[in-house]
Amino acid sequence: MVDHFRMLARYNRVANERLYDACAALSDGEYRRERPGSFGSIHRLLNHLLLGDRIWMDRFHGQGAETPPLGAILFDELVDLRSARVREDDRIIRFFDALDEGFLARSLDYVNYLGRHYVDEVPVAVAHFFNHQAHHRGQVHVMLSQASIAPPNLDLHRIINP
């Protein structure tokens, strides 16, 4: 399982690089345009993705028992958001590269954004972490197609075996 999570961490970085390359080709107006889907724009959705990754990474490190508002805008400009995304993706890879099987035997205790207390087994939480990323990248992918930008190929098997 650890090797699988390491593969997903690397996939995450490349998928994000491809997605941000496509988003950088948009005009600022297209990038921020209101669109159907979670959080209502590419800009807000990319901010949410970064926030979600930070929340879960903090939990994996034994911090972040409380969840901040999920629609928070962390960065107003794409260039700053992209820099933070690169740093977070590197953090994710370093974490999973150093991971041992003992981590998978733990559970995470936290309060979600609605104030509900949860205890999740780590393997389920990590699977959700990577699934959450793919889910929202897929939404950005659709929004890009609505903006007349050819969305990048984000298929796992094409990224890890180009």
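Since this is a predicted model, take the numbers as computed values, not measurements.

A.B. asks: A description of the pattern of salt bridges should follow, citing residues and the corresponding values.
C.D. replies: Using the criterion set out here, one finds 14 salt bridges in the structure. Here Arg 82 ties to Asp 21 by a salt bridge, and the two come within 2.2 Å at their closest N and O atoms. Here the residue Arg 82 occupies a position in helix α4 (residues 78-97), and Asp 21 occupies one in helix α1 (residues 2-24), the gap between them amounting to 61 residues. When its relative accessible area of 47% is taken as the criterion, Asp 21 is described as partly exposed. For Arg 85, the salt bridge is made with Asp 53, and the minimal N-O distance between the two is 2.5 Å. Residue Arg 85 is found in helix α4, and its partner Asp 53 is found in helix α3 (residues 42-60); the two are separated by 32 residues along the sequence. Of the residues examined, Arg 85 reaches a relative accessible area of 4% and is grouped as buried. What you see here is one network of salt bridges that share partners, running through Arg 54, Asp 58, Glu 88 and Arg 91.

A.B. asks: Report on the packing of aromatic side chains, specifying residues and quantitative values.
C.D. replies: For the coordinates displayed, the defined rule picks out 14 aromatic pairs. Their ring planes at 25° and their centres at 6.1 Å tell us that Phe 5 and Phe 130 sit as a pair that is stacked. Taken together, the residues span a long stretch of sequence, with Phe 5 in helix α1 and Phe 130 in helix α5 (residues 122-146) at a distance of 125 residues. You'll find Phe 5 and Phe 130 in the same group, each marked buried. Aromatic ring contacts, followed pair by pair, group Phe 5, Trp 56, Phe 60, Phe 95, Phe 96, Phe 103, Tyr 110, Tyr 118, Phe 129 and Phe 130 into a single cluster. Over the face of the ring belonging to Trp 56 we find Arg 59, whose NZ or CZ atom lies 4.4 Å from the ring centre. The ring of Tyr 110 carries the charged tip of Arg 59 above its face, separated from the ring centre by 3.8 Å.

A.B. asks: Give me the lowdown on the nonpolar core, citing residues and values where you can.
C.D. replies: In a soluble, globular protein the nonpolar side chains are often hidden away together inside. Within the largest apolar cluster, 23 residues are counted, with the highest numbers of intra-cluster contacts made by Cys 23, Leu 26, Tyr 31, Ile 42, Leu 46, Val 140 and Leu 144. When residues of this core are traced back to their parent elements, those giving at least two are α1, α3, α4 and α5. Among the elements that make up this core, the one with the highest residue count is α1 (six residues). Setting aside anything within four residues of it in sequence, one finds Ile 42 in contact with Cys 23, Leu 26, Tyr 31, Arg 35, Val 140, Met 143 and Leu 144. With 21 residues, the next largest nonpolar core counts Val 2, Phe 95, Val 122 and Val 126 among its residues.

What counts and what doesn't
Residues numbered from 1 in each chain as written. Predicted model: local features only at pLDDT ≥ 70, side-chain atom pairs only at ≥ 80, totals over all residues. Heavy atoms only, no water. Salt bridge = Lys/Arg side-chain N within 4 Å of Asp/Glu carboxyl O. Helix = DSSP H or I, 4+ residues; strand = E, 2+ residues; numbered from the N terminus. Buried < 20%, exposed > 50% of the residue type's maximum accessible area, 1.4 Å probe, protein only. Phe/Tyr/Trp six-rings, centres within 6.5 Å; stacked < 30°, edge-to-face > 60°. Lys NZ or Arg CZ within 6 Å of the ring centre and 35° of its normal. Core = buried A, V, L, I, M, F, W, Y, C linked by side-chain atoms within 4.5 Å. Contact = heavy atoms within 4.5 Å.

That's the geometry; what it means functionally is another story.
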